[in-house]
Structure formats: structure tokens, C-alpha cells
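Here's the letter readout for the chains.
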Amino acid sequence: MTMTTPAIITVAITGAIPRKKDTPAVPVVPREQIESTHEAYEAGASVAHIHVRNPDESPSSDPELFAQVGEGVAKHCPGMIIQFSTGGRGRQQSERGRMLELKPDMASLATGSVNFPAQIYENPPQLVEDLARSMLQNNVKPEIEVFDVAMLYNAKTLADRGLLKRPCQVQFVMGIPNALPARRKLLEFLVGELKEIMPDATWSAAGIARHQLEVNRWCLELGGHVRTGLEDNIKFDKDRLAKSNAELVARLAGICGEYGRHAASCAEARSLLGLPAA
Ligand code: ZN
């Protein structure tokens, strides 16, 4: 018998970029989101990364919508880790943390600003601090989203100041035009730096669009955790769109074994991230 180590699979089900017209598989209303998350959970995902949408499909900050999706996922996917996005696209800065009062297990926290393809993803220092404080108060574990290199060091500074609880979970986001490119050497550098400055941290990386699977493989090989889902990439391969979030999760769960890994159960994921048992 060979022992394998767990890899936490996060499924980013929806995202903030409107694209339902071309991609009917992207779930946008709570009922579809809960169903899509449930299928992904059955396929091996242990963390659900969630954005919600207004009726016109634009990104929403409405805590009522977050509550509906969170409750549905908690009911149908026992033990699954619920992570709400505090991301900025299409949302007022002052509204980005409103759903933290619902006390999800986790929420995303970008620790700096960066250019996206056609806009600035603005995360001024005061907003980052306010979101970090609100997460502390509500006992929500941040997932530090690193879109550019300085954000890694900013996270350490926040942790040193007591604004982030250790151990931190860090996600490197690679392949967004104008931000970090998807380069293996860069990921190796970032992981090396993380191990030096925050040795107790866990990490994963998300590859955007055609980089998704390649970045998944690097993470599995380098000992990190993994993220997939229609938020980051709507295609299964270069020839066709993905049928569902679950299809992407199932493929990823299937390749874990090639790297001596297995898809973490929800209990394993909770223990690795220092979250209470469900
Ligand atoms: Zn997101």
C-alpha cells in the first residue's frame, strides 16, 4: 500500500465576469449554484469559492444571496468549507465585506492592488486592513489572494501586526493578463519565499483560462493545494467548453494519484487549514 498526501480541491463555481450567454454551465442563481457545488462536492471538491450575482447577472454584494447559497451548500454538502469572495469587480468598496457577518468558514482577501486586463483591481491599504479586521472579528479565515508579488509580503506584514491569524492560507493567482504570468519558475520562487517568511502557511495556486490544468499539475507536484472551476476557466480543453464545475473537479481528482496525492476529504481539508471540524 502506498501512502498519498491530501490535496485540497477548491471549486470556484461562478466568478464575477458576466458570460452566461456563451457558457450556460456557469451557475448564476442560488439554486443553480447550490446544485453545481453539490455535484463538485461529490466529485471531490472540499472548498467552495462563491460569488453571487444580481438578477441581471452583474456581481452582487447582497448578504441575502450569500446567505441563501451558503445555507444550501451547508445543507447539501456536509462538511464542505464555504468561502465567500470579497473581490472587487463590479462592487462598491464599502460593500465588499458585508457578507462577513454571515461568518462563512473562509473569505478571500487580496492584499494589494493590481492591473487586470482592462481595469485596476483596487485594494487600498485601508480597505485591506478593514476587511482583515472584519474577518478577525467574525472568526472568518482569510484566503490571501496573491495577484502580484508584493501581496505576499504585505500578507506577512499584516500577520506580524496581528491582523491575520496564523497559519495563513495563500493562493497564488497566475495567468491574468497584466498580473502574475503562469510560469513554473515564478511559482517555485513564490513558494520558496512563502516557506521562508511564513513557514507554517498552506498554499495553492489558481491558473486562469488555458493555464488552469498546467498550474494544477505544478501544485500537485510541489506539494500545494489546487483550485479549479468555471470562474477561472470555462473550457475543458482547447476543443470544447467544460460541461460543469464537477467535470473539471473530477478530472483534477483523477490526476492527484499521478503525484502521490489524493483529493482531500472535507475533514482532512478542515484539519489542514486549521478550521474546526464540521
Ligand atoms: Zn473569485
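Residues numbered from 1 in each chain as written. Predicted model: local features only at pLDDT ≥ 70, side-chain atom pairs only at ≥ 80, totals over all residues. Heavy atoms only, no water.

(A) Up close: the packing of aromatic side chains. Across all of its chains, the model carries 5 aromatic pairs by this definition. Relative to F84, the ring of F66 has its centre 4.7 Å away and its plane inclined at 55°; by these criteria the two rings are tilted. With a gap of 18 residues between them, F66 in helix α2 (residues 63-76) and F84 in strand β6 (residues 81-84) connect regions that are remote in the sequence. Of the two residues, F66 and F84, neither departs from the other in class, the shared state being buried. (Phe/Tyr/Trp six-rings, centres within 6.5 Å; stacked < 30°, edge-to-face > 60°. Helix = DSSP H or I, 4+ residues; strand = E, 2+ residues; numbered from the N terminus. Buried < 20%, exposed > 50% of the residue type's maximum accessible area, 1.4 Å probe, protein only.)

(B) Quick look at the packing of helix α6 (residues 212-222) against helix α7 (residues 245-255). Look at α6 against α7: their axes get within 11 Å of each other, and the N-to-C directions meet at 35°. Handedness of the crossing formed by α6 with α7: right-handed. Residues Q212, L213, N216, R217 and L220 of α6 touch α7, and the partners they reach there are L248, R251, L252 and I255. (Axes fitted to C-alpha atoms, helices over the stretch in contact; angles between N-to-C directions. Left-handed = near helix turned anticlockwise from the far one by under 90°. Contact = heavy atoms within 4.5 Å.)

(C) Region of interest: the coordination of the zinc ion. For the zinc ion, the full set of protein donor atoms is H49 (NE2), H51 (NE2), E231 (OE) and E231 (OE), at a range of 2.1 to 2.7 Å. Relative to the metal, the 4 donor atoms surrounding the zinc ion lie at angles of 53 to 133°, and the coordination shape comes out irregular. In the primary structure, the donors to the zinc ion are separated according to the pattern H-x1-H-x179-E. Of the residues examined, H49 reaches a relative accessible area of 2% and is grouped as buried. (Donors = N, O, S within 2.8 Å, 3.2 Å for Na, K, Ca; no water. Tetrahedral: all angles 85-135°; square planar, octahedral: opposite > 155°, others 65-115°.)

(D) Layout of the packing of helix α1 (residues 30-43) against α7. In contact at an axis separation of 8 Å, α1 and α7 are set at 15° when each is read in the N-to-C sense. Considered as vectors, α1 and α7 are oriented roughly parallel to each other. The two elements α1 and α7 cross, and the hand of that crossing is right-handed. Together, S36, E39, A40 and A43 of α1 and N245, A246, V249, A250 and A253 of α7 make up the contact between the two elements. Broken down by class, the residue content of the contact of α1 with α7 amounts to 6 nonpolar, 2 polar and 1 charged. (Parallel < 35°, antiparallel > 145°, perpendicular 65-115°, else oblique. Nonpolar A, V, L, I, M, F, W, Y, C, P; charged D, E, K, R; others polar.)

(E) How the structure looks around the environment of R98. Tracing the backbone shows R98 in the loop between β6 and β7 (106-110). Accessibility expressed as a relative area gives 38% for R98, which makes it partly exposed. Linking R98 and T86, residues 12 residues apart in sequence, is a C-alpha distance of 8.7 Å. What R98 contacts, discounting residues up to four positions off in sequence, is S61 and P63.

By themselves, these are just geometric observations and shouldn't be taken as functional.
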